[in-house]
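Commentary on secondary and tertiary structure
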Amino acid sequence: MPESAFSDTLVSRLARARRIAVLTGAGISAESGIPTFRDPGGLWQQFKPEELANIRAFLRNPVLVQGWYTHRRSIAAETQPNPGHYALAKLEAIVPGFTLITQNVDNLHLRAGSRNVVELHGNITHNYCIDCQKEATEEEMHAIAVGEPARCGDCSGYIRPGVVWFGEMLPEEAVDEAYEAARDAEVFLSIGTSAVVYPAAGIPLLAKEHGAYVAEINTERSAIADEVDEVILGPSGDVLPRLIEAVRALKR
Ligand code: BV8
Ligand code: ZN
């Protein structure tokens, strides 16, 4: 199959489907300028996930970890959703049942207008106190800018980002919703994820086990490429708008 071409089967199944589910990873935000985790120059090139995205690293060095998330929050705030995010919002609008499951914490799907978004790993714009769970205020977060650990104004506990770290459970309701959407989906798209982090990486396979037609959109083959029905090699910001346009044309 030529580069970033998709099959007529995929287009007609998407056009006919009453329930579609999508899983996205950092790759869908790459064209917005947000570095992925594992690509060259990725977020984990200079740091390993074990050094930053876990509670032990945070308690050992809250300033470093809070600083890393502040850096990532500022990147996310400065970037815009790209045509891939907008294409998924358009697909949601023309499909009766649509669930967007994301591993990303960058808030770009919500900013692109997607509505039914399941944030498996939380959202970088939420920050809360690890002791009393109070949502952090702007001024409490300001301490990070001066190299101090951000602390809760009520109980002076450390403030952490509202994301799921390695070794932490995913939000139960998010997992339940994602699993239900995967089981019910007639078509499942896995977009821009290396599919190495679990339980998220298992969700496209759950959809396949329950009879969904599963397609992957990625610039390279992911860890689950051999198990899906179709692999479309190309940047999601280019593939998705063309794919959704083909689906809309068929539905007219
Ligand atoms: C848990 C939020 C249970 C924070 C993240 C050994 C074996 C198997 C599993 C484990 C194991 N040891 C430990 C585990 C469990 C662990 C895990 O899976 N580890 C992996 C590394 C082996 N999982 C966990 O710990 C999870 N929790 O299991 O708890 C538990 C707990 C307690 C008690 C009992 C049980 C929690 C995992 C959540 C971690 N948090 N993020 C933050 O963002 O800082 S993970 C983070 O990396 C992302 O959220 C995402 O999930 C993950 C993978 O990243 P991707 O999104 O896929 O991005 P990546 O860079 O890897 O790939 C980008 C892809 O895009 C590439 O394929 C590239 O080709 C493609 N691409 C690039 N450009 C484009 C493109 N595609 C299209 N277009 C483009 N333009
Ligand atoms: Zn507190």
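Keep in mind the model is a prediction, meaning the values are calculated, not measured.

Procedures and definitions
- Residues numbered from 1 in each chain as written.
- Chains lettered and ligands numbered in written order.
- Predicted model: local features only at pLDDT ≥ 70, side-chain atom pairs only at ≥ 80, totals over all residues.
- Heavy atoms only, no water.
- Axes fitted to C-alpha atoms, helices over the stretch in contact; angles between N-to-C directions.
- Helix = DSSP H or I, 4+ residues; strand = E, 2+ residues; numbered from the N terminus.
- Parallel < 35°, antiparallel > 145°, perpendicular 65-115°, else oblique.
- Left-handed = near helix turned anticlockwise from the far one by under 90°.
- Contact = heavy atoms within 4.5 Å.
- Nonpolar A, V, L, I, M, F, W, Y, C, P; charged D, E, K, R; others polar.
- Donors = N, O, S within 2.8 Å, 3.2 Å for Na, K, Ca; no water.
- Buried < 20%, exposed > 50% of the residue type's maximum accessible area, 1.4 Å probe, protein only.
- Core = buried A, V, L, I, M, F, W, Y, C linked by side-chain atoms within 4.5 Å.
- Near = heavy atom within 4 Å.
- Polar contact = N/O pair within 3.5 Å; in protein donor to acceptor, adjacent residues only side chain to side chain.
- Areas by Shrake-Rupley, 256 points an atom, 1.4 Å probe, with all protein chains shown as cover.
- 1 Å grid on protein atoms, 1.4 Å probe; cavity = no way out; pocket = protein on both sides within 12 Å on 5 of 7 lines; lining within 4 Å.
- Sits in = over half its atoms within 2 Å of the grid points.
- Domains from an automatic or database assignment.
- Phe/Tyr/Trp six-rings, centres within 6.5 Å; stacked < 30°, edge-to-face > 60°.
- Lys NZ or Arg CZ within 6 Å of the ring centre and 35° of its normal.
- Pairing = 2+ DSSP bridges.
- Expected span 1.5 Å × (residues − 1).
- Arc of directions from axis to C-beta.

With respect to the packing of helix α1 (residues 8-16) against helix α12 (residues 236-251)
- As a packed pair, α1 and α12 sit with axes 9 Å apart at the nearest point and diverge in direction by 60°. By the criterion of interaxial angle, the relationship of α1 to α12 is oblique. For the pair α1 and α12, the sense of crossing is right-handed. Taking contact as the criterion, the partners of Leu10, Val11, Ser12, Leu14 and Ala15 in α1 are, on α12, Leu243, Ala246, Val247, Leu250 and Lys251.
- For the contact of α1 with α12, the class distribution of residues is 8 nonpolar, 1 polar and 1 charged.

Quick notes on the coordination of the zinc ion (ligand 2)
- On the protein side, the zinc ion (ligand 2) has Cys129 (SG), Cys132 (SG), Cys152 (SG) and Cys155 (SG) as donor atoms, found 2.2 to 2.4 Å from it.
- On the primary sequence, the residues serving as donors to the zinc ion (ligand 2) are separated as C-x2-C-x19-C-x2-C.
- For Cys155, a relative accessible area of 32% gives the class partly exposed.

Here we look at the nonpolar core
- Formed by 28 residues in total, the largest nonpolar core has its most connected members in Leu10, Ile20, Val22, Ile191 and Leu243.
- Mapped onto this core, the elements with two or more residues apiece are α1, β1 (19-24), α7 (83-93), β2 (97-102), β6 (187-191), β7 (213-218) and α12.
- Broken down by element, the residue count for this core peaks at 5 residues, all from α12.
- Discounting residues that sit within four places of it in the chain, Ile191 has contacts with Val22, Leu23, Thr24, Gly25, Ile28, Leu88, Ile217, Ser236 and Leu240.
- Of all hydrophobic cores here, the second largest spans 27 residues; its members include Ala21, Val118, Leu120 and Val214.

Examining the site of ligand 1
- By nearness alone, 34 residues border ligand 1, and Arg38, Tyr69, Arg72, Gln103 and Ser194 come closest of all.
- Note that an oxygen atom of ligand 1 is positioned 2.8 Å from one of the backbone N or O atoms of Ala26.
- Within the backbone of Ser236, a nitrogen or oxygen atom sits 3.0 Å from a nitrogen atom of ligand 1.
- The fraction of the free accessible surface of ligand 1 (1500 Å²) that becomes covered by protein chains is 75%.
- Cavity membership is defined here by more than half of the atoms lying within 2 Å of grid points; on that basis ligand 1 lies in the largest pocket.
- Counting only elements with at least two residues in the shell around ligand 1, the list comes to α2 (27-30) and α6 (62-78).
- Among the residues making up the shell around ligand 1, the classes are represented as 16 nonpolar, 12 polar and 6 charged.
- When we break the shell around ligand 1 down by domain, the ones giving at least three residues each are domain 1 (1-33 + 81-121 + 170-252) and domain 2 (35-78 + 124-163).

Observations concerning the packing of aromatic side chains
- All chains considered together, the criterion is met by 4 aromatic pairs.
- Measuring from ring centre to ring centre gives 6.1 Å for Tyr69 and Trp165, while their planes differ by 50°; the resulting arrangement is tilted. Linking Tyr69 in helix α6 with Trp165 in the loop between β5 (159-163) and α10 (172-184), this pair joins segments that are 96 residues apart in sequence. Summarising the burial analysis for this pair, Tyr69 and Trp165 share the class buried.
- Three or more aromatic residues link up through ring pairs in this structure, and these residues are Phe58, Trp68, Tyr69, Tyr158 and Trp165.
- We note Arg72 situated over the ring of Trp68; from NZ or CZ to the ring centre the distance is 4.6 Å.

Section: the sheet that holds strand β3 (residues 117-119)
- Taking strand neighbours across the sheet as the criterion, the 6 strands line up as β3-β2-β1-β6-β7-β8 in an open arrangement whose pairing is parallel. The open sheet has two edge strands with one neighbour each: β3 and β8 (230-233). On average, each strand axis in the sheet is inclined to that of its neighbour by 20°, with strand direction left out of account.
- Here β1 pairs with β6 via 5 bridges, running parallel.

Focus: α10
- Its 13 residues give α10 an end-to-end C-alpha distance of 18 Å, which sits within 8% of 18 Å, the value for a rise of 1.5 Å per residue.
- Of the positions making up α10, those classed as buried are Ala174, Val175, Ala178, Ala181 and Ala182. Buried positions in α10, seen along its axis, are confined to an arc of 135° and lie on one side of it. Pointing more than 90 degrees away from the buried face of α10 are the exposed residues Glu172 and Glu173.

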